[in-house]
Amino acid sequence: MRLGNKEELLSTLDQIANVPILVVGDMMLDRYVWGRVERISPEAPVPVVEVLRIEDRLGGAGNVVRNLAMIGAKPKVCGVVGSDADGESVIRLFQESGADCSGIIVAPERPTTLKTRVIAASQQIVRVDREVREELTAETSRSLAKRVDAEIDVCKAVVLSDYGKGTVSSQLLEVLSGAYSAGRLGLRVRPLFVDPHPRNYDRYEVMSVAKPNRKEAEKASGQRIETIEDAFHACEKLIEKWHSELMVVSLGEDGMVVRGANSSEGLHLETMAQEVFDVSGAGDTVTAVFTSALAVGASPTTAGVLANIAAGIVVSEVGTAAVNLDKLRAEVSKWSV
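Residues numbered from 1 in each chain as written. Predicted model: local features only at pLDDT ≥ 70, side-chain atom pairs only at ≥ 80, totals over all residues. Heavy atoms only, no water.

Caption draft 1: View of the sheet that holds strand S7 (residues 123–130). Sheet architecture is open: four strands sit in the order S3-S2-S6-S7, paired in mixed fashion. Because the sheet does not close on itself, it has two edges, and the strands there are strand S3 (47–60) and S7. Strand-to-strand twist of the sheet, defined as the mean angle between neighbouring strand axes without regard to direction, takes the value 20°. Here 13 bridges tie strand S2 (residues 27–40) to S3, and the two strands are oriented antiparallel to one another. Bridging from a neighbouring strand, Arg-31 pairs with Asp-56 of S3. Along the sheet, helix H2 (residues 61–70) makes contact with S2 and S3, crossing S3 at roughly 75°. (Pairing = 2+ DSSP bridges. Helix = DSSP H or I, 4+ residues; strand = E, 2+ residues; numbered from the N terminus. Axes fitted to C-alpha atoms, helices over the stretch in contact; angles between N-to-C directions. Contact = heavy atoms within 4.5 Å.)

Below, the structure written as C-alpha coordinates:
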(Lines give C-alpha, C1' and ligand atoms only; values in the text may rest on other atoms or scores of the structure.)
Protein backbone atom coordinates (compact mmCIF):
# COMPACT_ATOMS: atom_id res chain seq x y z
CA MET A 1 0.00 0.00 0.00
CA ARG A 2 1.39 3.39 -1.00
CA LEU A 3 2.13 5.58 2.02
CA GLY A 4 2.14 8.90 0.19
CA ASN A 5 5.10 11.21 -0.02
CA LYS A 6 6.72 14.06 1.84
CA GLU A 7 4.95 16.73 -0.21
CA GLU A 8 1.52 15.25 0.57
CA LEU A 9 2.30 15.14 4.28
CA LEU A 10 3.59 18.71 4.42
CA SER A 11 0.65 19.95 2.37
CA THR A 12 -1.74 18.34 4.86
CA LEU A 13 0.02 20.08 7.75
CA ASP A 14 -0.37 23.41 5.92
CA GLN A 15 -4.12 22.85 5.56
CA ILE A 16 -4.59 21.99 9.25
CA ALA A 17 -3.95 25.64 10.23
CA ASN A 18 -7.08 27.14 11.81
CA VAL A 19 -9.33 24.13 11.13
CA PRO A 20 -12.09 24.16 13.82
CA ILE A 21 -12.39 20.90 15.77
CA LEU A 22 -14.78 20.17 18.63
CA VAL A 23 -13.36 18.19 21.56
CA VAL A 24 -15.77 16.61 24.02
CA GLY A 25 -14.78 14.51 27.01
CA ASP A 26 -13.24 14.18 30.45
CA MET A 27 -11.22 17.25 31.38
CA MET A 28 -8.31 16.83 33.78
CA LEU A 29 -5.40 18.75 35.26
CA ASP A 30 -2.01 17.06 35.16
CA ARG A 31 0.32 18.42 37.85
CA TYR A 32 4.03 17.63 37.68
CA VAL A 33 6.17 17.98 40.78
CA TRP A 34 9.81 17.98 39.66
CA GLY A 35 12.46 17.37 42.26
CA ARG A 36 15.59 15.53 43.29
CA VAL A 37 16.25 12.69 45.70
CA GLU A 38 19.33 12.61 47.92
CA ARG A 39 18.18 10.55 50.89
CA ILE A 40 15.69 8.01 52.19
CA SER A 41 13.10 9.05 54.75
CA PRO A 42 13.79 8.01 58.36
CA GLU A 43 10.03 7.56 58.77
CA ALA A 44 9.58 4.87 56.09
CA PRO A 45 11.69 3.23 53.33
CA VAL A 46 10.69 5.85 50.75
CA PRO A 47 12.69 8.55 48.97
CA VAL A 48 12.52 12.15 50.16
CA VAL A 49 11.87 14.43 47.20
CA GLU A 50 13.15 17.99 47.35
CA VAL A 51 10.76 19.98 45.17
CA LEU A 52 12.43 22.14 42.52
CA ARG A 53 9.41 23.22 40.48
CA ILE A 54 5.71 22.49 39.92
CA GLU A 55 4.06 22.58 36.51
CA ASP A 56 0.38 22.25 35.55
CA ARG A 57 -0.67 20.90 32.14
CA LEU A 58 -3.95 20.02 30.49
CA GLY A 59 -4.74 16.32 30.85
CA GLY A 60 -7.32 13.88 29.58
CA ALA A 61 -9.40 15.38 26.79
CA GLY A 62 -7.59 18.63 27.54
CA ASN A 63 -4.37 17.12 26.25
CA VAL A 64 -6.08 16.47 22.91
CA VAL A 65 -7.01 20.16 22.87
CA ARG A 66 -3.44 21.11 23.72
CA ASN A 67 -2.11 18.97 20.87
CA LEU A 68 -4.61 20.43 18.43
CA ALA A 69 -3.65 23.98 19.37
CA MET A 70 0.07 23.25 19.04
CA ILE A 71 -0.30 21.94 15.48
CA GLY A 72 -2.27 25.04 14.47
CA ALA A 73 -5.86 23.80 14.62
CA LYS A 74 -8.60 25.79 16.38
CA PRO A 75 -10.11 23.58 19.09
CA LYS A 76 -13.48 24.20 20.69
CA VAL A 77 -13.98 22.53 24.08
CA CYS A 78 -17.08 21.02 25.69
CA GLY A 79 -16.68 19.38 29.08
CA VAL A 80 -16.96 19.77 32.84
CA VAL A 81 -14.66 21.02 35.60
CA GLY A 82 -15.25 21.52 39.29
CA SER A 83 -15.87 24.80 41.06
CA ASP A 84 -12.36 24.90 42.49
CA ALA A 85 -8.90 26.32 41.95
CA ASP A 86 -7.89 23.38 39.77
CA GLY A 87 -10.90 23.96 37.51
CA GLU A 88 -9.85 27.58 37.19
CA SER A 89 -6.37 26.38 36.21
CA VAL A 90 -7.84 24.15 33.49
CA ILE A 91 -9.83 27.04 32.03
CA ARG A 92 -6.80 29.34 32.21
CA LEU A 93 -4.64 26.79 30.39
CA PHE A 94 -7.31 26.43 27.70
CA GLN A 95 -7.40 30.18 27.25
CA GLU A 96 -3.61 30.40 27.09
CA SER A 97 -3.57 27.71 24.39
CA GLY A 98 -5.98 29.71 22.28
CA ALA A 99 -8.82 27.18 22.60
CA ASP A 100 -12.44 28.30 22.79
CA CYS A 101 -13.57 27.03 26.18
CA SER A 102 -17.00 28.68 26.28
CA GLY A 103 -18.47 25.17 26.20
CA ILE A 104 -16.99 24.29 29.59
CA ILE A 105 -19.53 23.74 32.39
CA VAL A 106 -18.51 24.41 36.00
CA ALA A 107 -20.15 21.75 38.20
CA PRO A 108 -19.97 22.55 41.95
CA GLU A 109 -21.05 19.01 42.88
CA ARG A 110 -17.75 17.39 41.85
CA PRO A 111 -14.04 18.26 42.00
CA THR A 112 -11.85 18.81 38.97
CA THR A 113 -9.97 15.60 38.16
CA LEU A 114 -6.36 16.09 39.28
CA LYS A 115 -3.43 13.74 38.64
CA THR A 116 -0.23 14.68 40.44
CA ARG A 117 3.00 13.06 39.31
CA VAL A 118 6.20 13.32 41.34
CA ILE A 119 9.30 13.04 39.16
CA ALA A 120 12.98 12.91 40.10
CA ALA A 121 15.99 12.01 37.94
CA SER A 122 13.66 11.71 34.93
CA GLN A 123 11.68 8.95 36.64
CA GLN A 124 8.15 9.04 38.00
CA ILE A 125 8.23 8.09 41.68
CA VAL A 126 4.53 8.20 42.48
CA ARG A 127 1.21 9.42 41.07
CA VAL A 128 -1.58 10.75 43.27
CA ASP A 129 -5.13 10.97 41.84
CA ARG A 130 -8.11 12.97 43.03
CA GLU A 131 -11.26 12.30 41.07
CA VAL A 132 -14.94 11.39 41.08
CA ARG A 133 -15.90 8.80 38.46
CA GLU A 134 -19.65 8.78 38.88
CA GLU A 135 -21.69 10.06 35.95
CA LEU A 136 -22.61 13.71 35.83
CA THR A 137 -25.94 14.71 37.32
CA ALA A 138 -28.90 14.53 34.94
CA GLU A 139 -29.06 18.33 34.75
CA THR A 140 -25.35 18.72 33.96
CA SER A 141 -25.51 15.90 31.39
CA ARG A 142 -28.41 17.54 29.60
CA SER A 143 -26.67 20.91 29.59
CA LEU A 144 -23.47 19.43 28.17
CA ALA A 145 -25.31 17.43 25.50
CA LYS A 146 -27.19 20.57 24.45
CA ARG A 147 -23.96 22.54 24.12
CA VAL A 148 -22.33 19.79 22.06
CA ASP A 149 -25.32 19.60 19.72
CA ALA A 150 -25.12 23.36 19.14
CA GLU A 151 -21.42 23.22 18.22
CA ILE A 152 -21.28 20.23 15.85
CA ASP A 153 -22.17 22.08 12.66
CA VAL A 154 -19.61 24.87 13.10
CA CYS A 155 -16.66 22.45 13.30
CA LYS A 156 -14.93 20.24 10.73
CA ALA A 157 -14.56 17.24 13.05
CA VAL A 158 -15.61 16.05 16.50
CA VAL A 159 -13.43 14.20 19.00
CA LEU A 160 -15.01 12.22 21.85
CA SER A 161 -12.20 11.66 24.36
CA ASP A 162 -13.56 9.17 26.91
CA TYR A 163 -11.48 8.54 30.03
CA GLY A 164 -14.30 6.91 31.99
CA LYS A 165 -14.69 9.78 34.45
CA GLY A 166 -18.43 10.21 33.90
CA THR A 167 -18.63 12.90 31.21
CA VAL A 168 -19.79 10.50 28.48
CA SER A 169 -23.45 10.04 29.34
CA SER A 170 -26.42 8.48 27.60
CA GLN A 171 -27.68 11.95 26.67
CA LEU A 172 -24.36 12.84 25.05
CA LEU A 173 -24.16 9.59 23.08
CA GLU A 174 -27.76 10.06 21.91
CA VAL A 175 -26.89 13.52 20.55
CA LEU A 176 -23.89 12.15 18.64
CA SER A 177 -25.83 9.15 17.33
CA GLY A 178 -28.67 11.41 16.22
CA ALA A 179 -26.23 13.72 14.44
CA TYR A 180 -24.77 10.71 12.64
CA SER A 181 -28.21 9.52 11.55
CA ALA A 182 -29.04 13.02 10.30
CA GLY A 183 -25.91 13.11 8.15
CA ARG A 184 -24.25 15.82 10.27
CA LEU A 185 -21.43 13.43 11.22
CA GLY A 186 -19.58 10.92 9.06
CA LEU A 187 -16.12 10.15 7.71
CA ARG A 188 -16.71 12.11 4.49
CA VAL A 189 -18.81 14.83 6.08
CA ARG A 190 -17.54 15.65 9.56
CA PRO A 191 -15.54 12.83 11.18
CA LEU A 192 -16.47 11.66 14.67
CA PHE A 193 -13.27 10.34 16.25
CA VAL A 194 -13.79 8.30 19.44
CA ASP A 195 -11.06 7.47 21.94
CA PRO A 196 -12.99 4.72 23.77
CA HIS A 197 -13.00 3.62 27.40
CA PRO A 198 -13.99 0.16 28.74
CA ARG A 199 -16.70 1.71 30.87
CA ASN A 200 -18.74 2.51 27.76
CA TYR A 201 -17.84 -0.29 25.33
CA ASP A 202 -21.45 -1.47 25.18
CA ARG A 203 -22.89 2.03 24.81
CA TYR A 204 -21.11 3.28 21.70
CA GLU A 205 -23.48 3.12 18.75
CA VAL A 206 -21.79 4.63 15.71
CA MET A 207 -18.58 6.50 14.88
CA SER A 208 -16.29 7.47 12.03
CA VAL A 209 -13.05 6.40 13.72
CA ALA A 210 -12.30 4.51 16.92
CA LYS A 211 -8.82 4.42 18.46
CA PRO A 212 -8.37 1.86 21.21
CA ASN A 213 -4.92 0.78 22.37
CA ARG A 214 -3.85 -2.88 22.35
CA LYS A 215 -5.27 -3.72 25.78
CA GLU A 216 -8.54 -1.92 25.08
CA ALA A 217 -8.93 -3.55 21.68
CA GLU A 218 -8.35 -6.99 23.19
CA LYS A 219 -10.97 -6.45 25.86
CA ALA A 220 -13.56 -4.95 23.54
CA SER A 221 -13.13 -7.50 20.74
CA GLY A 222 -12.28 -10.63 22.71
CA GLN A 223 -9.35 -11.08 20.32
CA ARG A 224 -5.91 -11.68 21.79
CA ILE A 225 -3.40 -9.47 19.94
CA GLU A 226 0.00 -11.11 19.65
CA THR A 227 0.66 -10.44 15.97
CA ILE A 228 -0.21 -7.71 13.47
CA GLU A 229 -2.68 -10.11 11.85
CA ASP A 230 -4.37 -10.49 15.25
CA ALA A 231 -4.68 -6.71 15.40
CA PHE A 232 -6.38 -6.64 12.00
CA HIS A 233 -8.84 -9.32 13.15
CA ALA A 234 -9.61 -7.26 16.26
CA CYS A 235 -10.24 -4.27 13.99
CA GLU A 236 -12.77 -6.27 11.96
CA LYS A 237 -14.67 -7.28 15.08
CA LEU A 238 -14.72 -3.76 16.50
CA ILE A 239 -15.80 -2.20 13.21
CA GLU A 240 -18.85 -4.45 13.33
CA LYS A 241 -19.46 -3.95 17.07
CA TRP A 242 -19.24 -0.15 17.09
CA HIS A 243 -20.44 0.48 13.52
CA SER A 244 -17.17 2.27 12.87
CA GLU A 245 -16.06 3.36 9.41
CA LEU A 246 -12.39 3.21 10.36
CA MET A 247 -10.44 1.53 13.15
CA VAL A 248 -7.05 2.61 14.51
CA VAL A 249 -5.33 0.42 17.12
CA SER A 250 -2.20 1.73 18.81
CA LEU A 251 0.26 -1.03 19.67
CA GLY A 252 2.94 0.76 21.68
CA GLU A 253 6.41 -0.27 20.54
CA ASP A 254 4.80 -2.14 17.61
CA GLY A 255 3.38 1.08 16.13
CA MET A 256 -0.26 1.12 15.03
CA VAL A 257 -2.64 -0.50 12.58
CA VAL A 258 -5.37 1.16 10.52
CA ARG A 259 -8.26 -0.68 8.90
CA GLY A 260 -11.34 0.56 7.06
CA ALA A 261 -14.79 -1.00 7.10
CA ASN A 262 -14.78 -1.49 3.33
CA SER A 263 -11.12 -2.40 2.93
CA SER A 264 -9.80 -5.90 2.23
CA GLU A 265 -6.43 -5.03 3.73
CA GLY A 266 -5.08 -3.03 6.64
CA LEU A 267 -2.14 -0.71 7.13
CA HIS A 268 0.60 -1.37 9.68
CA LEU A 269 2.77 1.59 10.65
CA GLU A 270 5.89 0.77 12.64
CA THR A 271 6.83 3.06 15.53
CA MET A 272 8.93 6.08 14.58
CA ALA A 273 10.45 6.56 18.04
CA GLN A 274 14.20 6.08 18.44
CA GLU A 275 13.94 5.90 22.24
CA VAL A 276 10.84 5.66 24.42
CA PHE A 277 10.95 7.60 27.69
CA ASP A 278 7.27 8.15 28.48
CA VAL A 279 4.11 7.07 26.64
CA SER A 280 1.87 9.43 28.66
CA GLY A 281 -0.37 11.34 26.30
CA ALA A 282 0.89 9.69 23.10
CA GLY A 283 -2.62 8.43 22.36
CA ASP A 284 -3.95 11.98 22.63
CA THR A 285 -1.33 13.11 20.12
CA VAL A 286 -2.44 10.42 17.68
CA THR A 287 -6.06 11.48 18.17
CA ALA A 288 -5.31 15.16 17.53
CA VAL A 289 -3.14 14.69 14.45
CA PHE A 290 -5.23 11.92 12.87
CA THR A 291 -8.47 13.85 13.35
CA SER A 292 -7.02 17.12 12.03
CA ALA A 293 -5.74 15.41 8.91
CA LEU A 294 -9.11 13.77 8.21
CA ALA A 295 -10.84 17.09 8.86
CA VAL A 296 -8.99 18.72 5.95
CA GLY A 297 -9.70 15.82 3.58
CA ALA A 298 -6.55 13.73 3.93
CA SER A 299 -6.76 9.99 3.34
CA PRO A 300 -6.71 7.62 6.33
CA THR A 301 -3.24 6.53 5.20
CA THR A 302 -1.85 10.07 5.21
CA ALA A 303 -3.56 10.75 8.55
CA GLY A 304 -2.07 7.57 9.99
CA VAL A 305 1.46 8.36 8.82
CA LEU A 306 1.33 11.88 10.28
CA ALA A 307 -0.11 10.62 13.58
CA ASN A 308 2.53 7.93 13.80
CA ILE A 309 5.35 10.42 13.24
CA ALA A 310 3.86 12.72 15.89
CA ALA A 311 3.57 9.88 18.40
CA GLY A 312 7.23 9.05 17.85
CA ILE A 313 8.12 12.59 18.90
CA VAL A 314 6.13 12.74 22.13
CA VAL A 315 7.15 9.35 23.54
CA SER A 316 10.76 10.52 23.50
CA GLU A 317 9.89 13.23 26.06
CA VAL A 318 9.14 12.90 29.79
CA GLY A 319 5.61 13.72 30.93
CA THR A 320 2.32 14.21 29.11
CA ALA A 321 3.80 15.92 26.07
CA ALA A 322 2.15 17.60 23.09
CA VAL A 323 3.65 17.67 19.64
CA ASN A 324 4.91 21.00 18.35
CA LEU A 325 4.15 21.91 14.73
CA ASP A 326 7.74 22.91 14.02
CA LYS A 327 9.03 19.59 15.36
CA LEU A 328 6.43 17.70 13.38
CA ARG A 329 7.36 19.55 10.20
CA ALA A 330 11.03 18.83 10.82
CA GLU A 331 10.37 15.10 11.28
CA VAL A 332 8.12 14.94 8.23
CA SER A 333 10.85 16.64 6.19
CA LYS A 334 13.15 13.71 7.02
CA TRP A 335 10.49 11.19 6.03
CA SER A 336 10.48 9.15 2.87
CA VAL A 337 8.48 6.21 1.52
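The rest of the description comes next.
Caption draft 2: Here's a closer look at the packing of helix H8 (residues 282–295) against helix H9 (residues 300–314). Contact geometry for H8 and H9: axes closest at 8 Å, N-to-C directions at 150°. With respect to H9, the axis of H8 lies roughly antiparallel. As for the relative orientation of H8 and H9, their crossing is right-handed in sense. Where H8 approaches H9, its residues Ala-282, Thr-285, Val-286, Val-289, Phe-290, Ala-293 and Leu-294 are matched on the opposing element by Pro-300, Ala-303, Gly-304, Leu-306, Ala-307, Ala-310, Ala-311 and Val-314. Partitioned by chemical class, the residues of the contact of H8 with H9 number 13 nonpolar, two polar and no charged. (Parallel < 35°, antiparallel > 145°, perpendicular 65-115°, else oblique. Left-handed = near helix turned anticlockwise from the far one by under 90°. Nonpolar A, V, L, I, M, F, W, Y, C, P; charged D, E, K, R; others polar.)

Caption draft 3: The packing of aromatic side chains, seen in detail. Tallying each qualifying case throughout the model produces four aromatic pairs. Between Phe-193 and Phe-290 the ring centres are 5.9 Å apart and the planes differ by 55°, which places this aromatic pair in the tilted class. One end of the pair, Phe-193, is in strand S9 (residues 192–195); the other, Phe-290, is in helix H8, and 97 residues separate them in sequence. Each of the two residues, Phe-193 as well as Phe-290, counts as buried. Taken together, a centroid distance of 5.5 Å and an interplanar angle of 50° make the contact between Tyr-201 and Trp-242 tilted. (Phe/Tyr/Trp six-rings, centres within 6.5 Å; stacked < 30°, edge-to-face > 60°. Buried < 20%, exposed > 50% of the residue type's maximum accessible area, 1.4 Å probe, protein only.)

Caption draft 4: Quick look at the nonpolar core. Membership of the largest hydrophobic core comes to 57 residues, with the highest contact counts inside it found for Ile-21, Phe-94, Phe-290, Val-323 and Leu-328. Among the elements that line this core, the one with the most residues is H9, at nine residues. Contacts of Val-323, omitting those with residues within four sequence positions, involve Asn-67, Met-70, Ile-71, Thr-285, Val-289, Ala-310, Ile-313, Val-314 and Leu-328. Counting residues in each nonpolar core, the second largest holds 42 residues, with Tyr-180, Ala-231, Trp-242 and Val-257 among its members. (Core = buried A, V, L, I, M, F, W, Y, C linked by side-chain atoms within 4.5 Å.)

Caption draft 5: Quick look at the layout of surface pockets. In this structure, the second largest pocket spans a volume of roughly 580 Å³. If you trace the second largest pocket, you find 28 residues lining it, with Leu-187, Arg-188, Leu-246, Leu-294 and Pro-300 closest to the centre. Listing elements by their share of the lining of the second largest pocket, those giving two or more residues are strand S11 (244–250), strand S12 (256–260), H8 and H9. Of all the elements, S12 adds the most residues to the lining of the second largest pocket, at three residues. (1 Å grid on protein atoms, 1.4 Å probe; cavity = no way out; pocket = protein on both sides within 12 Å on 5 of 7 lines; lining within 4 Å. Points joined across faces, edges and corners; volume = space filled by probe spheres on them.)

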